[in-house]
Each structure stands twice: as structure tokens, then as C-alpha cells.
Amino acid sequence: MSRAEELLERASESKLVLSKLLSEVEKGSDLGIEVLRSVSYSSGHVIGFTGPPGVGKSTVITRVVHELRERGERVGIIAVDPSSPFTGGSILGDRIRMKELTSNEHIFIRSLSSGYGSVGITAGKMARVLTHIGMRVVVESVGAGQMDTDIMRVADTRTVVLMPELGDDIQMIKAGILEIGDIYVVNKSDLPNADVMAQRLALSLKKREGWEPPVVMCSAINGEGIEELVDHILKHEDFLRKSGIFEDRRKSALLMELEEMTVESFRGHIRKLLTGKKGKEIIEKVFNGDMDINSALKNLQNEG
Ligand SMILES: Nc1nc2c(ncn2[C@@H]2O[C@H](COP(=O)(O)OP(=O)(O)OP(=O)(O)O)[C@@H](O)[C@H]2O)c(=O)[nH]1
Ligand SMILES: [Mg+2]
């Protein structure tokens, strides 16, 4: 057994070992790379939660995780904290709210700072490790922009959380919200007009790839609707596996990861070239009109 395999085995019994292992993976150390080599691309199920700020994603997740525990599962949670653009720091409020989960030996929580490399890629790597050791994984996304897209790519089942009084349907259509979800949650159903919103949402959603996205009303704060939500999540996993979409999604995530890595490595290579002697020569030529910029590009491509 290799050192990585041995550590993976120990990580399934010790949160401390698991935590250290994930740090190696995050750093991209030799050991981290070896660990990733030992885990499959096709194991386990990853559930992503996205939605606008404050709709109750963390509260819903907390309830869902408890429900999964009730059903005998081990769960790993990956929470992405929004970084403040002013301080570069992370708000760890979610972690505090989730603290009731941390004392459970079958539940593991990891916060990822969004200021640290490509969060989507890191979250994907961590999810692979967690599923390898038998956990179902839950990812909480930030709910906006490119980073959200990157993180949701990691998820097999994409759950969109909304709440009443979020505004009209047009806004949701604009935000592309109707296209991304496999399951929709109208949380805070204890507030007025939740049923109206759920009905309108259900009417706007279309069947995609053979799956009709359900709309579930929840009051996470009261624990209502959670069992039904978990039933839908497990049903969706079953659908993904039987239809082969599970593997398709994993492969397209892998393709994007590889693309990102290739671009990153190519960028480093080209930057080195451009800041060296060769780059200076080319810049001088283009600047003086002795070479056009497209020929400069061709020139560099040949070097790459
Ligand atoms: N009335 C009501 N309030 C809720 C419910 N679920 C969550 N909340 C409250 O909504 C607020 C936001 O909840 P969070 O779970 O932190 O929401 P979030 O989407 O994770 O927020 P961010 O991660 O900051 O985007 C908290 O004050 C919760 O107590 C619910 O079902 N009903
Ligand atoms: Mg949250």
C-alpha cells in the first residue's frame, strides 16, 4: 500500500488526518498529488447548493445534512466563504452557524477561502477525496458570478435555493437561474407568498435531458420540507446514474479542469518567453511597424 493510500484509509477514521490530507491537496504538494492519483473520478455523489445571499442556503444544508445522517450516511461539507474585496478576509459566519454539525463524528466541514486559487478546481479535488472515503458531499456556493459557475460545475445535483419576495420572474430568467437547477427550493415558506412563488416557478421550469426539476417548499428554520427535499436529491442521483448523465457531467467538469490547467501552464510559459530576449525583440518589431501583431502571435505559437 502506498503512503497516500494508507493516509486515505486513516483519513476515513480521523478528521484530523483528513483535514491534513486536504491541506496537502489544496497546496498541491507531492503528497497531495499522490493522494489525488489514488482517488477515482467517478465515485460518490456531490450536491451543490446555490442561490442569492441570505436565502437560507446554510440553514437548508444544515438540515439536509442532519437528515442524511438520520438515514445513516457520512457527509462532507465544502463551504465557500465570500471574501471581502476590501480586506481579503473571509466571513466565517457560515461555519459558526454550522457548528452544531462539527461535533458529529460522521460529518466533516471544510471552509474554502475564495481568495485562494481556483475555488472550483480546489473544491472538485476535495470532493473527490471526500467521496473516496465514503462521504456524500455537499457544497455551498457563493451564489453569484463566474465563481458560482465554477463551483456548481463540481456538483452532480444542482440545487437552487430561493425565497419569497425575491422579485419577479423576469429577474430570475435574466440571472439564468431557471436553467441551472436540477432541484428548486423555495425556502422560508413560513413567510407570505411562498406558495405563489413556488407555483410560478414550477410553471416556468422545463424538462431537461429527461428530468423535470421539482420545486420543494421548505422552512429550513423549522425543519419543514427537508425530508421531501432529500428524497428528491436521492432520486436525482439515481436518475443521473441510470441515464449515464452522471458520467457525462463528471467528464465535462474534467475537460474544463484540464482546459484551465492547460491555459494556466501555457500562460506561464508565454509570459516567460515575452519577458525574455525573444519577447523584447518581438515587441520592438511590432512597435516599429516591422511586424504586425498577428504575425507576432504566429511566431509565439510556433515557440509554444
Ligand atoms: N423565516 C425564515 N428565516 C430563515 C429560514 N431559513 C433561514 N432563515 C434565516 O435567513 C438568514 C440567512 O440564512 P443563511 O442560512 O445564513 O443564508 P445563506 O443563503 O447561507 O446566506 P449567505 O451564505 O450569506 O449567502 C438567517 O437569519 C436565517 O436564520 C426559514 O426557513 N425561514
Ligand atoms: Mg451561507
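Scoring rules and cut-offs
Residues numbered from 1 in each chain as written. Chains lettered and ligands numbered in written order. Predicted model: local features only at pLDDT ≥ 70, side-chain atom pairs only at ≥ 80, totals over all residues. Buried ≥ 20, exposed ≤ 12 C-beta atoms within 10 Å, placed from the backbone. Helix = DSSP H or I, 4+ residues; strand = E, 2+ residues; numbered from the N terminus. Arc of directions from axis to C-beta. Contact = placed C-beta atoms within 7 Å. Near = placed C-beta within 6 Å. Nonpolar A, V, L, I, M, F, W, Y, C, P; charged D, E, K, R; others polar. Expected span 1.5 Å × (residues − 1).

1. Things to note about helix α11 (residues 194–204)
Along α11, the positions that sit buried rather than exposed are Ala 194, Met 197 and Leu 201. Axial view of α11: buried residues confined to an arc of 65°, hence all on one face. For α11, the exposed residues set more than 90 degrees away from the buried face come down to Asp 195, Val 196, Gln 199 and Leu 203. Where α11 is buried, its residues contact β6 (183–186) and β7 (215–217).

2. Things to note about the site of ligand 1
Not every one of the 17 residues close to ligand 1 is listed here, only the nearest: Gly 56, Lys 57, Ser 58, Thr 59 and Ile 221. If one sorts the elements of the shell around ligand 1 by residue count, helix α4 (residues 57–70) sits on top with 3 residues. Classifying every residue of the shell around ligand 1 gives 5 nonpolar, 7 polar and 5 charged.

3. Looking at helix α7 (residues 119–132)
Relative to the 20 Å expected for 14 residues at 1.5 Å per residue, α7 spans 20 Å between its end C-alpha atoms, a close match to the ideal helical length. Within α7, 12 of the 14 residues are buried, which leaves the element mostly enclosed by the surrounding structure. Here α7 has its buried residues at Val 119, Gly 120, Thr 122, Ala 123, Gly 124, Lys 125, Met 126, Ala 127, Arg 128, Val 129, Leu 130 and Thr 131. In the segment just after α7, Gly 134 is the residue with positive phi, at about 90°.

4. Topic: unusual backbone geometry
Look at Lys 188: it is not a glycine, yet its phi comes out positive at around 60°. With respect to the helices, strands and loops of the structure, Lys 188 is situated in the loop between β6 and α11. Residue classification places Lys 188 among the buried residues on the basis of 26 C-beta atoms within 10 Å. Even without being glycine, Glu 209 reaches a positive phi, approximately 50°. Relative to the elements of secondary structure, Glu 209 occurs in the loop between α11 and β7. Note on Glu 209: 11 C-beta atoms within 10 Å, which makes it exposed.

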